[in-house]
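# Fold and geometry: a report
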Amino acid sequence: QLHAGPPMKVEFKDIRFRHLGSVEPEEDPAAPKIPRWIWHDADGSDDEKGWFRKSFTIDREIAKAQLWMSCDNQGEAYLNGKRTFQNARWEQPTTADVTKRMKSGENWIAVSMKNAGGPAALIAELKVEYADGSTESIQSDASWRSSATNAKNWMKASFDDAGWDSAKDLGEHGVAPWGRLPGPQ
């Protein structure tokens, strides 16, 4: 019953229903952002490789920067064209202090990876703490550029990834089949 009065009887004649579709919940801008699992297509295949890039701008002095990443199954991370680390097992994310590799202006995260079988995906987060006490998080999501084909100097800032596609979003951190991984996110 939807009102406080006595029960009502309602009759309809020639009623028509219209499907209104699903309603997407509004995103809460105050909610913390969560890194997303991404790949260059909706589903990876055995021995498939992928290349990913994300540009971002630093406009203040940095106190600390930490890169966290996992690749199903394995991958290498580059920051501003320099190899930063290798992630050998997706179940064990890799974290590195990358403060000294950051620069004022445009920066690039680049990741190469290989799927050994089953689902394929990448998840990453760069946490930046600025000298003024503010923080920023650059996370893997559909804004990253991706390719299934290797290209010369793909990890360099000068590489033109305009021909690359947007990464496909496979779900937020915690989604099956990967679940929640240890790390700073």
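Structure shown above.
So, here's what we can say about the structure. (Residues numbered from 1 in each chain as written. Predicted model: local features only at pLDDT ≥ 70, side-chain atom pairs only at ≥ 80, totals over all residues. Heavy atoms only, no water.)

Here we come to the overall build of the protein. A tally of helices and strands in the protein yields zero helices and twelve strands. Secondary structure elements of the protein occur, N-terminal to C-terminal, as β-β-β-β-β-β-β-β-β-β-β-β. Taking all 185 residues of the protein together, 39% fall into the buried category. The contacts in the protein between residues at least 6 apart in sequence include a share of 72% that link residues at least 24 apart. Accessible area of the protein: about 11300 Å², with a carbon and sulfur share of 49%. (Helix = DSSP H or I, 4+ residues; strand = E, 2+ residues; numbered from the N terminus. Buried < 20%, exposed > 50% of the residue type's maximum accessible area, 1.4 Å probe, protein only. Contact = heavy atoms within 4.5 Å. Areas by Shrake-Rupley, 256 points an atom, 1.4 Å probe, with all protein chains shown as cover.)

Further remarks concern the sheet that holds strand β4 (residues 74–79). Reading across the sheet, the six strands line up as β5-β4-β7-β2-β10-β11 and stay open at both edges, with antiparallel pairing between neighbours. The two strands at the open ends of the sheet, each matched to only one other strand, are β5 (82–87) and β11 (165–166). The pairing of strand β2 (residues 49–58) with strand β7 (residues 105–114) spans ten bridges and is classified as antiparallel. Its bridge partner lying in β7, R53 is registered against A110. (Pairing = 2+ DSSP bridges.)

Our next topic: the nonpolar core. Judged by nonpolar contacts, the single largest core of 28 residues is most densely connected at F52, M102, I109, L122, L126, V128 and W144. Listed by contribution, the elements that provide at least two residues to this core are β1 (36–39), β2, β3 (62–72), β4, β7 and β8 (121–130). (Core = buried A, V, L, I, M, F, W, Y, C linked by side-chain atoms within 4.5 Å.)

Further remarks concern the pairing of β3. Of all eleven residues making up β3, eight are buried, and the element is well covered by its neighbours. As paired elements, β3 and β8 share ten bridges and run antiparallel to each other. Looking at the pairing, C71 lines up with L122 of β8. The pairing of β3 with strand β6 (residues 94–97) spans four bridges and is classified as antiparallel. From the neighbouring strand, M69 faces β6, where its bridge partner is T94.

What follows is about the packing of aromatic side chains. Applying the stated criterion across every chain yields a total of four aromatic pairs. Here the aromatic rings of W39 and F52 are separated by 5.7 Å at their centres, their planes lie at 45°, and the arrangement is tilted. Pair noted here: W39 is in strand β1 and F52 is in strand β2, with a separation of 13 residues, a long-range link. Each member of the pair W39 and F52 is classed as buried. Taken together, a centroid distance of 5.4 Å and an interplanar angle of 80° make the contact between Y78 and W154 edge-to-face. Linking Y78 in strand β4 with W154 in the loop between β10 (145–147) and β11, this pair joins segments that are 76 residues apart in sequence. The ring centre of Y130 lies 4.0 Å from the NZ or CZ of R60, which sits over that ring. (Phe/Tyr/Trp six-rings, centres within 6.5 Å; stacked < 30°, edge-to-face > 60°. Lys NZ or Arg CZ within 6 Å of the ring centre and 35° of its normal.)

The grouping of M8, V10, F12 and I15 at the surface amounts to a nonpolar patch, some 460 Å² of accessible area in total. Along the chain, the position of M8 falls in the segment before β1. Residue M8 is classed as exposed on the basis of its relative accessible area of 60%. (Patch = residues over 30% accessible without salt bridge, like charges linked within 9 Å, V, L, I, M, F, W, Y side chains within 5 Å. Salt bridge = Lys/Arg side-chain N within 4 Å of Asp/Glu carboxyl O.)

It is worth spelling out the pattern of salt bridges at this point. Taken as a whole and assessed by the stated rule, the structure comprises eight salt bridges. Taking the shortest distance from any N to any O, the salt bridge between R36 and E172 comes out at 3.6 Å. Here the residue R36 occupies a position in strand β1, and E172 occupies one in strand β12 (residues 168–172), the gap between them amounting to 136 residues. Take E172: its relative accessible area is 36%, and that puts it in the partly exposed class. Where R60 meets D59, a salt bridge forms, and the shortest distance between an N and an O atom there is 3.1 Å. Judged by relative accessible area, R60 falls into the partly exposed class, the value being 36%. By relative accessible area, D59 is classed as exposed at 57%. Within this structure, R36, D169 and E172 form a network of salt bridges that share partners.

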